[in-house]
Amino acid sequence: MAVIKIKTIKNNLEAVVNYAQNGDKTENEILVTGVNCVPQTAYSQMALTKKFFHKESGRQGYHIIQSFNGKEVSPNEANELGTLLAEELFGDKFQAIVCTHINKDNIHNHIVLNSVSFVDGSKHHNSKLDIALIKDKSDELCKEYELSVIQTSKASKTNKTYKKRISKYNRSNSKMLQVKADIDDAIAQSRKMSEFYDNLKIKGYETYKRGMYLSVKLPYFARNIRLERAFGEEYSLHNIQDKIYYSEKTENQKNGINKKYYRKVYKGPKIDSFKLKFSPFYRSYVRWLYKLGKLPPKIEYEELTPEYFKQKRETQNILDEISFVARNNINNIQDVQNCEEWISVKLTKVKGERENLWRQYNKAKLPENKIEIKMKIDSKTCEINAYSNELKICRRFMWRREILGKEIRLLRIELAESKRIVKMKNLSREKY
């Protein structure tokens, strides 16, 4: 299990970033990953965020050290685990870099977090609850990677304290209870995911979807709320989709809303407009169809079930993934990871270019200049949407890999257990 230490960076953020990125400790910066920033220009981007929101004074950032037991985890896995931790906790709003050091007896990560959010300029204050969330998520990821667990009375007592702190907050805080009630109400009133997002928007929520994780944000909340982490597995994106598409909803649950979706189905022979225009025999055939009552065709309305929408969505996802594999010549999961890294870098770059264009747009005075810049902004927005869609496809691949990995681990445990039972039975027979 990883040990977590958190330090506040009161000044000289650049020195901490340079120390974390030290090429002698990170295999010439191979083991450096950026979250919402490019590693090579991480400090410049963090400083630009502070300057943009006029928050250059005070706490500059946070230095999180994640240490593993000896070398039980490979450098690449350690970096991947640290990146997942940073993305899960801070990826919605903050910039961070994850640097894996291998110069000592134990492999450890240095996560340097910017104190100012690039989304809304809010500051991260690192409360007791935030510390508990960081350590709890680190432990959860270590268990998924099947790393060793620290078995000491102090560690056990500390973990219980953190879990109680998180559970108490989610269970008793009036804001969190209101968020949970609003989520349940939105699920009950929705028949498909687009309606769910619309219902949350009506209630004043902003939704953020990163891979297979869903977060919501309210104006009076300082941080985004990741539903699965706050309220449990029942509120994961996958389970919310299942509730919307498959659960039986009564009229009371729908609050009187019983909206259904239909499509037209034409029952009758199809007419070839080309033949009808040029063939007298075909026109005669059509005339007799009208006389015999076969035409005009009967129109029926077929209800579109939740299964139809789910199958349609899954089919579209599969088509997008096949197209992505063909376009990028994907042969293995490493190719997917490489594509994801490349797309993330391009996406960050294009977003930065669009921000610069918005600044030029706000400074421009002539209408024709504003129109020209707005066209460039729209072009960048199309690029961002395209890169975002490809990034979602990459993350779907990685998510499926995680699901398959969990299933394989469970099968291995079951197989080992069955072998142990068979062995015990054989030993008992030999005794008698």
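What counts and how
Residues numbered from 1 in each chain as written. Predicted model: local features only at pLDDT ≥ 70, side-chain atom pairs only at ≥ 80, totals over all residues. Heavy atoms only, no water. Pairing = 2+ DSSP bridges. Helix = DSSP H or I, 4+ residues; strand = E, 2+ residues; numbered from the N terminus. Axes fitted to C-alpha atoms, helices over the stretch in contact; angles between N-to-C directions. Contact = heavy atoms within 4.5 Å. Buried < 20%, exposed > 50% of the residue type's maximum accessible area, 1.4 Å probe, protein only. Arc of directions from axis to C-beta.

Visitor: How should I be thinking about the sheet that holds strand 5 (residues 108-114) in this particular structure?
Guide: Consider a sheet: its strands pair through backbone hydrogen bonds, and that pairing is either parallel or antiparallel. Strand order in the open sheet formed by 5 strands is 1-3-5-4-2, and the pairing between neighbours is antiparallel. Looking at which strands have only one partner, the edges of the open sheet turn out to be strand 1 (3-9) and strand 2 (32-35). Taking the axes of each pair of neighbouring strands and ignoring which way they run, one obtains an average angle of 15° across the sheet. Inspection of the sheet shows strand 4 (residues 96-101) paired to strand 5 by 6 bridges, in the antiparallel sense. Across the sheet, residue Cys 99 finds its bridge partner in strand 5, namely His 110. Of the strands in this sheet, strand 1, strand 3 (61-67), strand 4 and strand 5 touch helix 1 (residues 13-20), which is tilted by about 150° from strand 5. Strand contacts of helix 2 (residues 42-52): strand 4 and strand 5, with the helix running at about 30° to strand 5, the strand carrying the most contacts.

Visitor: Which parts of the structure should I look at to understand helix 2?
Guide: In an α-helix, one turn spans 3.6 residues; hence positions three or four apart end up facing the same way. For helix 2, the set of buried residues is Ala 42, Gln 45, Met 46, Thr 49 and Lys 50. Summarising the axial view, the buried residues of helix 2 lie within an arc of 140°, below the 170-degree limit, and thus occupy one face. Of the surrounding elements, those touching the buried residues of helix 2 are helix 1, strand 4, strand 5 and helix 13 (333-363). Following helix 2 by one or two positions, His 54 has its phi on the positive side, about 55°.

Everything listed is a geometric property; what it means functionally is a separate question.
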